[in-house]
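Architecture at a glance
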Protein chains: 2
Amino acid sequence: MPAPEKLCSLRWSAQYDALEVIDQTLLPHSLCWLQLKSLESYCHAIRAMQVRGAPLIGITAAFGLAQALRQDPSMANLEHAGAALLATRPTAVNLRWALDKVTSAVSALEPGLRGEAALAKAQQLRDEDIAACASIGEHGLQLLSGLRRDGPLNIMTHCNAGWLATIEWGTALAPVYKAHAAGVPVHVWVSETRPRNQGMNLTAWELQRAGVPCTVVTDNSCGQLLRRSVVDCVIVGSDRTAANGDVCNKIGTYLKALAARANGVPFYAALPESTIDWHCASGDDIPIEERDEVEVLAVTGMDASGETRQVMLAGAGTRAHNPAFDVTPATLVTGLITEHGCFEPSPAGLADLKAQMSSSRPM
Amino acid sequence: MPAPEKLCSLRWSAQYDALEVIDQTLLPHSLCWLQLKSLESYCHAIRAMQVRGAPLIGITAAFGLAQALRQDPSMANLEHAGAALLATRPTAVNLRWALDKVTSAVSALEPGLRGEAALAKAQQLRDEDIAACASIGEHGLQLLSGLRRDGPLNIMTHCNAGWLATIEWGTALAPVYKAHAAGVPVHVWVSETRPRNQGMNLTAWELQRAGVPCTVVTDNSCGQLLRRSVVDCVIVGSDRTAANGDVCNKIGTYLKALAARANGVPFYAALPESTIDWHCASGDDIPIEERDEVEVLAVTGMDASGETRQVMLAGAGTRAHNPAFDVTPATLVTGLITEHGCFEPSPAGLADLKAQMSSSRPM
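These figures come from a predicted structure and were not determined experimentally.

As for the relation of the copies chain A and chain B
Overlay of chain A on chain B (RMSD 0.0 Å): rotation 180°, translation along the axis 0.0 Å. The symmetry that links the two subunits is that of a two-fold axis. The overlap is high: 100% of the interface residues of chain A also sit at the interface in chain B, so the same surface is used on both sides.

Encoded structure:
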């Protein structure tokens, strides 16, 4: 069987003058590409989670700002479009980071030059994200190699922090892909990740496509698996990491970190530097997005006739509370795997990372 | 609005010579009663989880054995029917407990007397379960009263350990119902309880019907809620409790216990003595049922036209692992709330409970 076509989550189409992204709300049942052109289409794609994952949200917003400036390069539009994109989702800090990068690159330019400069910057951020994730993969693989046992390495992950959450490679899954490519036998425990099931719908799809053995489990099962010693390492992504090393990530991450610690299993967060909020002293300062209760009370899947259909799980009158993220205290995190290496999740560790970042900047 | 009819989960119908039970797989969308008559219908109801909950499984099996003996009171049939009922589900020890009670009550009798004696014994076990759960509620209410704060008491529970899991009152929910009846304001955080959603489908339905305020959350949200100090107490049921105080309960319980401990929130298991396996030295000796992967990969709900429909969540070729229970080590459990009072989850605490049980036996 031929290997499936290599994909990435996002591509700029010069032909259509549009950003093409996979509509992730339709996976795993359909692989469809969306063309984003208008500011509203970019904002909708991020808000409706057609694109999601902190790094991918950031890069998509950068292209959205570039496209808005190509249509109207005024300072007023730079501010308007930046604010609209920033307001789409509150938790992932990569969104603000990417918008700031584009804004800094273009605001001092003549209006007529801003559009193309912004597009070039967005392309550069995209390329840098790919390189950063590849590097996260290499650093993670070194850690995994230190864990090697007789059988396959058993990695547990949560939500989707694979290439669908970035451009290529992913963050948490980059070490898995690097291990697989290096011939290290690996098996991934994929937690389904309620309420939107990104583990079952995205991570399992990605891994199966790449030929990496994986098994889906309910989020509830993860404690039992960690207790039964069938997990060698937990690796998750992050939507925002505070300056003290607290990791904000998809709701349910904290429970896995508690169970990993209780059972002596290393727990890593893998993230590019763009995910670190240096202005945020502690995870408790991070705004946690609360999403619509219908995400909990109803679910969408494919019926017997192949139609996508929403079914109601709850009875009439049932109410739900739906926080999208939680905070894992730095004390529960073994290390932060970044493109600059693995760092201790502490103010000292983050200071080391910052020093490393400065020294690796091009002159 | 008039209060809804008071229900219990199971009733013997002399008119139809059948046990009538609520088909819990159809809740919350339909309230339907099943009539169980044949041994196969009893076994199917337990296996397919039309009846579920450790105490209710036990009582249902007792009626099933009684009905089998009324049809054929031979020792061969006593053994055959007992073995068939015992084989339906492996984890809840109440099943074996109830079958042993009926068997002891009838095996020395003349065959012609066995059927009616077995039915009388099943009725007695049913009545004792109601009394035990009411008593669990009273003991639990005392504990809750010690926690009282300015606002409503916020209780978190997992799965369904209400009257649907017993006959009346429930185990974990009995203190909640007693508090509500006593005018103590109470609010329940209901974890949805993947994969079968018994929290969302059964517990929320029960509580709403009784007028107890409740909010459904994903299982993943429970750590964040405990960290945010919006939970005063966690109370769960148990499917089997070992002689050292380890609590086996619905998958996901262990994660809540870890998060409760990490955040200084008391964590209780509420259970009748029939749930304790005195022959089981530790929770690690308890057989954990593994159920069909389809429970994880697909979900059943009500579509827009009011039809019950199963939709597939996972993509083609995705595999899942589906353990139904996990073990919470006794060290994470604040106390065991039983019909005899609240006991420390330790060999010493369980010895106290055993002494209390002996002293409260009728002479």
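Considering the nonpolar core
Proteins that are soluble and globular tend to have nonpolar side chains buried together. Counting residues in hydrophobic clusters, the biggest one holds 82 residues, and the most contacted among them are Val176, Leu207 and Ile235 of chain A together with Val176, Leu207 and Ile235 of chain B. Other than its neighbours up to four places away in sequence, Leu207 of chain A contacts Leu173, Val176, Tyr177, Val188, Val190, Val212 and Cys214 of chain A. Judged by nonpolar contacts, the second largest core, of 57 residues, contains Met156 and Leu226 of chain A together with Val236 and Phe343 of chain B.

Concerning helix H11 (residues 347–359) of chain A
Residues and elements named next belong to chain A. Given a rise of 1.5 Å per residue, 13 residues ought to cover 18 Å, and the 18 Å separating the end C-alpha atoms of H11 matches this to within 8%. Those residues of H11 lying buried are Gly349, Leu350, Leu353 and Met357. Taken around the axis of H11, the buried residues stretch over an arc of 95°, which confines them to a single face. Exposed residues lying more than 90 degrees from the buried face of H11 are Pro347 and Ser359. Each element contacted by the buried residues of H11 is listed here: strand E8 (240–242), strand E11 (276–277), strand E15 (335–338) and strand E16 (341–343).

Comments concerning the pattern of salt bridges
Residue and element names in this part refer to chain A. Overall, the coordinates contain 34 salt bridges over all chains when judged by the stated rule. A salt bridge links Glu293 to Arg319; the shortest N-O distance between them is 3.1 Å. Of this pair, Glu293 sits in the loop between E11 and helix H10 (294–297) while Arg319 sits in the loop between strand E13 (308–312) and strand E14 (325–328); the two residues are 26 residues apart in sequence, bridging distant segments of the chain. Look at the salt bridges and you will find they share partners, linking Arg89, Arg196, Glu289, Arg291 and Glu295 into a network.

A few points about the interface of chain A and chain B
Contacts between the two partners involve 61 residues from chain A and, on the opposite side, 61 residues from chain B. The junction of chain A with chain B conceals about 4600 Å² of combined surface from both sides, 57% of it contributed by carbon and sulfur atoms. The largest per-residue losses of area from chain A upon contact with chain B belong to Asn220, Arg227 and Leu255 of chain A, which jointly make up 16% of the total buried on that side. Remark: the boundary between chain A and chain B carries 6 salt bridges. The shortest N-O distance in the salt bridge between Arg194 of chain B and Glu192 of chain A comes to 2.4 Å. For the side of chain A that touches chain B, the secondary-structure elements that each account for two or more residues are helix H7 (198–210), strand E6 (214–217), helix H8 (222–227), helix H9 (253–262), H10, strand E12 (298–302), E13 and E14 of chain A. The element contributing the most residues to the side of chain A that touches chain B is H9 of chain A, with 6 residues.

So, the packing of aromatic side chains
In this structure the tally under the stated criterion is 4 aromatic pairs over all chains. For the pair Trp12 of chain A and Phe63 of chain A, a centre-to-centre distance of 5.9 Å together with 15° between the ring planes defines the contact as stacked. Taken together, the positions of Trp12 of chain A in strand E1 (residues 10–13) and Phe63 of chain A in helix H2 (residues 54–71) put the pair 51 residues apart, joining distant regions of the chain. The burial state of Trp12 of chain A is the same as that of Phe63 of chain A; both residues are buried. Between Trp163 of chain B and Trp205 of chain B the ring centres are 6.0 Å apart and the planes differ by 55°, which places this aromatic pair in the tilted class. Of this pair, Trp163 of chain B sits in the loop between strand E4 (153–157) and helix H6 (174–181) while Trp205 of chain B sits in helix H7 (residues 198–210), and the two are 42 residues apart along the sequence.

Reading guide: rules and limits
- Residues numbered from 1 in each chain as written.
- Chains lettered and ligands numbered in written order.
- Predicted model: local features only at pLDDT ≥ 70, side-chain atom pairs only at ≥ 80, totals over all residues.
- Heavy atoms only, no water.
- Least-squares fit on C-alpha atoms with pLDDT ≥ 70 in both.
- Contact = heavy atoms within 4.5 Å.
- Core = buried A, V, L, I, M, F, W, Y, C linked by side-chain atoms within 4.5 Å.
- Buried < 20%, exposed > 50% of the residue type's maximum accessible area, 1.4 Å probe, protein only.
- Helix = DSSP H or I, 4+ residues; strand = E, 2+ residues; numbered from the N terminus.
- Expected span 1.5 Å × (residues − 1).
- Arc of directions from axis to C-beta.
- Salt bridge = Lys/Arg side-chain N within 4 Å of Asp/Glu carboxyl O.
- Buried area = accessible area lost by both parts, 1.4 Å probe.
- Phe/Tyr/Trp six-rings, centres within 6.5 Å; stacked < 30°, edge-to-face > 60°.

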